[in-house]
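Each chain, written out:
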Amino acid sequence: QVQLVESGGGLVQAGGSLRLSCAASGRTFSRYAMGWFRQAPGKEREFVAAVNWSGSTYYADSVKGRFTISRDNAKNTVYLQMNSLKAEDTAVYYCAGGRTWITVLQREYEYWGQGTQVTVSS
């Protein structure tokens, strides 16, 4: 069993940066691929980025070059560094874990955090 708790959300101006953190409980954290998803008001939740156990990453086209996902297995934490933020990045951001391989499919992720709000003002 893995529990995930996100933090680091907030209000930022367009062009600014935020770093989200996702702290995981459970000794098996390092086995899982971890992902970040987001859900904007009135929209479906969408994939943002994922990282596997060895540090390989994959990004949605909308955030490629601006966001960086990373993990620290010693701290059981995954991060999402968000730079050059845009108003359209405004959403609730969720951390998720599950399979050992990277996937963009939400149904492949077994564990989910409660989400953290990111608001980008234009």
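On a predicted model such as this, the values are computed, not experimentally measured, just so you know.

Participant: Lay out the packing of aromatic side chains with the relevant residues and their values.
Facilitator: Counted under the stated rule, the structure contains 6 aromatic pairs. When the ring of Phe37 is compared with that of Tyr109, the centres are 5.1 Å apart and the planes differ by 80°; the resulting orientation is edge-to-face. Here Phe37 is found in strand E4 (residues 34–39), whereas its partner Tyr109 is found in strand E10 (residues 109–112), with 72 residues between them in sequence. When sorted by exposure, Phe37 lands in the same class as Tyr109, which is buried. Relative to Tyr58, the ring of Phe47 has its centre 6.0 Å away and its plane inclined at 35°; by these criteria the two rings are tilted. Of this pair, Phe47 sits in strand E5 (residues 46–51) while Tyr58 is found in strand E6 (residues 57–59), placing the two residues 11 residues apart along the sequence. For Phe47, a relative accessible area of 11% puts it in the buried group. When its relative accessible area of 44% is taken as the criterion, Tyr58 is described as partly exposed. Among the aromatic residues, ring-to-ring pairing joins Phe37, Phe47, Tyr58, Tyr109 and Trp112 into one connected group. One Lys or Arg, Arg45, reaches over the ring of Tyr94 and ends 5.0 Å from the middle of that ring.

So, how was this worked out
Counting starts from 1 at the beginning of each chain's written sequence and moves along it residue by residue. The predicted nature of this model means local features are confined to residues of pLDDT at least 70 and side-chain atom pairs, given and counted, to a pLDDT of 80 or more, with totals for whole chains, interfaces and linings taken over all residues. No hydrogens and no water enter the side-chain calculation; it runs on all heavy atoms of the structure. Any two rings among Phe, Tyr and Trp, with Trp reduced to its six-membered ring, count as a pair given centres within 6.5 Å; such a pair is stacked if its planes are under 30 degrees apart, edge-to-face if over 60, and tilted if neither. Counting from the N terminus, the helices are DSSP H or I runs at least four residues long and the strands are E runs at least two residues long. Residue burial is assigned from relative accessible area. The probe radius is 1.4 Å, only protein chains are included, and a residue is buried under 20% of its type maximum, exposed over 50%, and partly exposed in between. In this analysis the charged atom, NZ for Lys or CZ for Arg, is taken to sit over a ring once it is within 6 Å of the ring centre and within 35 degrees of the ring normal.

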